Structure formats: structure tokens, C-alpha cells
Amino acid sequence: MKNFFAGLFGKKEPQTAAPGGDAVGQLRCYLDANLPKSYVTSKKYSVSITEQSGTYAVRITLDMLADGSDYSNFGPEDYFTFPELEGGYVLGLISKPPLPISSYTLEMLFHSDTVVVEAGAGLDAGTITYRGESRKVTF
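Peer 1: So what about the packing of aromatic side chains? Which residues, and what values?
Peer 2: Using the criterion set out here, one finds 10 aromatic pairs in the structure. Residues Phe82 and Phe110 carry aromatic rings whose centres are separated by 6.3 Å and whose planes lie at 75° to one another, so their mutual orientation is edge-to-face. In this pair, Phe82 is assigned in helix α4 (residues 78–93) and Phe110 in the loop between β3 (101–109) and β4 (114–120), connecting sequence segments 28 residues apart. One aromatic cluster in this structure is built from Tyr71, Phe74, Tyr79, Phe80, Phe82, Phe110 and Tyr130. Geometry around Phe80 places Arg135 over its ring, the cationic atom sitting 3.8 Å from the centre.

Written out as C-alpha cells, the structure reads:
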């Protein structure tokens with residue numbers, strides 16, 4: 001009955017996975033609920049989840065401009081320093097997923113630049129790649 005009235009008045013009920021339901025759906029709901037709303041509501045936000053032998057690899061595209069931030073004064077070194085900090089923050093927010101995760105990949109979209117942050121299941125170390133250069137980092 002609740003969904004009927006919500007549909008009549010134009011309100012959408014939040015999509016949540018039922019307990020014991022679709023594993024990928026549960027993980028997607030967990031990510032959506034735990035990531036900052038500015039990321040989740042951006043049109044550029046996306047999540048790709050791939051099962052690999054009972055664990056899951058997660059790739060998340062984050063619009064770094066979604067909260068109104070301006071990175072136009074960034075120099076090349078800033079594209080390694082800031083994603084290390086933001087990557088650690090974001091990974092900390094999603095550190096207790098409902099399913100076993102083998103790896104996370106964060107694709108951070110800036111103005112015309114993309115930075116990729118990769119972290120294994122432990123979430124304490126990873127790699128940042130910017131313009132073909134990769135560096136190991138600790139979160």
C-alpha cells in the first residue's frame with residue numbers, strides 16, 4: 001500500500017535489496033548508502049560489480065566536481081596527493097561491505113583529468129595512476 005501512495009504523489013521509495021536477496025543489489029545499496037551523497041547523486045556516478053570466485057571486484061566512478069569543488073589550480077603532484085587522501089576517506093566509508101571484496105577501483109573524474117585509485121581487499125595500500133604514471137600509496 002505504501003508504494004501505491006508513493007507512486008500517486010510522485011515520491012520514490014528508496015531502492016533497497018531484501019535481506020538474502022540479490023548479492024550485487026545488496027552491495028550496490030550498501031555503496032549508495034555509505035558514499036557521500038554528492039557523489040551518489042551525480043550523473044557521472046556509476047558502480048560496476050564483478051564476481052570473481054566468490055568475492056567481488058568493485059569499480060566506482062566518482063565525479064570530483066559534484067560537491068562544487070574546483071580543482072583548476074591543481075598541479076601534477078596534486079593529482080597524486082589529493083586522491084590518496086580522498087581515496088583513503090572513501091575506502092574508509094565502505095570498509096565493512098556485506099559481501100567479500102577482492103578489490104576496489106575508484107575512478108576519480110576531475111575537469112579534464114581522470115585519476116584511478118586501486119586498492120586490494122585490505123584497503124590499507126594501493127596504487128594511484130594519473131596520466132600513465134603509477135605510484136604505490138598507503139591509506
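Peer 1: With reference to specific residues and values, describe the pattern of salt bridges.
Peer 2: Taken as a whole, this structure holds 4 salt bridges when the rule is applied. Here Arg135 and Glu77 are joined by a salt bridge, their closest N and O atoms 2.7 Å apart. Of this pair, Arg135 sits in strand β6 (residues 133–138) while Glu77 sits in the loop between β2 (55–63) and α4, and the two are 58 residues apart along the sequence. Judged by its relative accessible area of 27%, Arg135 is partly exposed. Judged by relative accessible area, which is 43%, Glu77 ranks as partly exposed. In this structure, the salt-bridge partner of Arg135 is Glu133, at a minimum N-O distance of 3.0 Å. Bridged by salt links that share partners, the residues Glu77, Glu133 and Arg135 form one connected network.

So, how was this worked out
- Counting restarts for each chain: residues are numbered from 1 in the order of the written sequence.
- Given that this is a predicted model, residues contribute local features only at a pLDDT of at least 70 and side-chain atom pairs are listed and counted only at 80 or more, while totals for whole chains, interfaces and linings are drawn from all residues.
- With hydrogens and water excluded, all non-hydrogen atoms of the structure serve as input to the side-chain values.
- For Phe, Tyr and Trp, rings pair up if their centres lie within 6.5 Å, where Trp contributes its six-membered ring, and each pair is then called stacked (planes under 30 degrees apart), edge-to-face (over 60) or tilted (otherwise).
- Helix and strand assignments come from DSSP, with helices taken as H or I runs of at least 4 residues and strands as E runs of at least 2, each series counted from the N terminus.
- Here, a charge over a ring is recorded when the distance from Lys NZ or Arg CZ to the ring centre is within 6 Å and its angle to the ring normal is within 35 degrees.
- Here a salt bridge means any side-chain nitrogen of Lys or Arg lying within 4 Å of a carboxyl oxygen belonging to Asp or Glu.
- Here the term buried applies to any residue with accessible area under 20% of the maximum for its type, exposed to any over 50%, and partly exposed to those in between, with areas from a 1.4 Å probe on protein chains only.

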